[in-house]
Amino acid sequence: MTPAGRFAPSPSGELHVGNLRTAMLAWLFARSAGRDFLLRVEDLDRARAGAEAEQLRDLEALGVTWDGAVVRQTDRGAVYAETIGRLSAAGLTYECFCTRREIQEAPSAPHAPQGAYPGSCRDLDPAELEFKRSTRPAAIRLRAEVTEYTVRDVLHGDFTGVVDDFVLRRNDGVTAYNLAVVVDDAAQGIDQVVRGDDLLPSTPRQAYLASLLNIPVPEYAHVPLVVNSDGARLAKRDGAVTLADLARAGVSAVDVRDLILHSLGLPAGTLEHALAAFRPASLPRGPWVWTGP
C-alpha cells in the first residue's frame, strides 16, 4: 500500500478559510514527501445534505487534488464493529451508562483534565450492571491500561497527553471519532496525519489505541489554526470566511488560495508552484489572524 497523507472533513457545512488552509497544508506535506493524498468524509453524525459536494468543489477550486475514490465513514460500520469486538474479546472494553453531566460532576483523578472519564462504570458488579442496563443504553469504553501516552509531532516535538477510558461507541450506536479515525487511517495506509493543533490533545489516545491494535502510529503534524481578531478559532459567524461568501464580496478562489499561501510564507500561484518552496521547518508556528481579504 502506497504511503499517504489525507484530509478528512466532516460534512456539516461549507469549509471556511481555516479548514481550507489545513487542507492545503496537508496536501503540501504529503506531496512534498512523495505520498499519495487521500480524501475521507467523516460523516458519522454531522452530515448536512449537500455539504459534501460543496466541500469537494471548494477543495478543487483551490487546486487541492486527491488520489482514488473518496471514502465515507458511513460505509464502514461493519469494520468498526469488528474492531470493537476484538478489543472486547481481549477484555479491553466495558459498558458505560454515565451521562455527560454525571461525568462533569464526578470527582476526577488528580491532574486529569476537566471532562476526563473518572472510571465510574469500570468495575460494576453483575447486579449493578444488570440494573443500569435496564435504565439506559450503554456506551462502550476502552479499558485503558495507561494514564498517559507520548506522541512525536513534526512541529511540536514530543507531546505527552492524558489517556482515559475514552468512548469507542456512543450509547446511540454511533462509532466514536477516536476509534474510527485510527481504523480508517490504518485501512487507507495513512502514515502522515496533518490537522489543526486543536486536535493535538486527543492524539495520545489515538496513538495508544493504535498500539493496542498493532497498527503503526502515523507521523503527526498539528498545524496552527486560523483565528479571528479576538484570538478565537475562526468560525462561520466571523463573517465572510467561506469561498461562497468571499466570492459574493468579490474575492475569488484564486485570491483566497494566494492569501493562504502568503500566510504560510509561500509564493502565490498554483499549489504545484508553491510545492517547490515548501519546507515544514519554515512554517509559521503561531496562529494566522484572519481579518478579511
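Throughout what follows, the structure given in this document is the object of discussion. All residue numbers here refer to positions counted from 1 along the written sequence of the relevant chain. At least 70 in pLDDT is required for a residue's local features to be given in this predicted model, at least 80 for side-chain atom pairs to be given and counted, and no such filter applies to totals for whole chains, interfaces and linings, which use all residues. The basis for every side-chain value is the complete set of heavy atoms in the structure, and neither hydrogens nor water enter the calculation.

1. Description of the sheet that holds strand S2 (residues 36–41)
In this scheme, strands are said to pair when DSSP sees at least two bridges between them. Helix and strand labels come from DSSP, where a helix needs a run of H or I of at least four residues and a strand needs a run of E of at least two; each type is numbered from the N terminus. Pairing within the open sheet is parallel, and its three strands lie in the order S1-S2-S3. Looking at strand neighbours, the two that pair on one side only are strand S1 (4–7) and strand S3 (71–72), the edges of this open sheet. The pairing of S1 with S2 spans four bridges and is classified as parallel. Pairing of alanine 4 across the sheet is with aspartate 36, part of S2. In the packing of helix H1 (residues 17–32) onto the sheet, the strands contacted are S1 and S2, and the crossing angle to S2 comes to about 145°. We call two residues in contact when some of their heavy atoms are within 4.5 Å. All axes are obtained by fitting lines to C-alpha atoms, using only the stretch in contact for helices, and the reported angles, taken between N-to-C directions, cover 0 to 180 degrees.

2. Description of the packing of H1 against helix H2 (residues 51–62)
Contact geometry for H1 and H2: axes closest at 11 Å, N-to-C directions at 60°. Comparing their axes, H2 and H1 come out oblique. Classified by chirality, the crossing of H2 by H1 is right-handed. Of the residues in H2, those touching H1 at Leu20, Ala23 and Met24 are Asp58, Leu59 and Leu62. The nonpolar class holds Ala, Val, Leu, Ile, Met, Phe, Trp, Tyr, Cys and Pro. Asp, Glu, Lys and Arg form the charged class, and all remaining residues, Gly among them, are polar. Among the residues making up the contact of H1 with H2, the classes are represented as five nonpolar, no polar and one charged. Note that the term roughly parallel is reserved for angles under 35 degrees, roughly antiparallel for angles over 145, roughly perpendicular for angles of 65 to 115, and oblique for everything else. In this scheme, a crossing is called left-handed if the near helix is turned counterclockwise away from the far one by less than a right angle; it is called right-handed if the turn is clockwise.

3. Quick notes on the environment of valine 289
Position of valine 289 among the secondary structure elements: in strand S12 (residues 288–289). Exposed residues in this analysis have more than 50% of their type's maximum accessible area, buried residues have under 20%, and partly exposed residues fall in between, with area computed by a 1.4 Å probe over protein chains only. The partly exposed category is assigned to valine 289, whose relative accessible area is 42%. Between the C-alpha atom of valine 289 and that of valine 217, which follows or precedes it by 72 residues, the distance is 32 Å. What valine 289 contacts, discounting residues up to four positions off in sequence, is Val227, Asn228 and Ser229.

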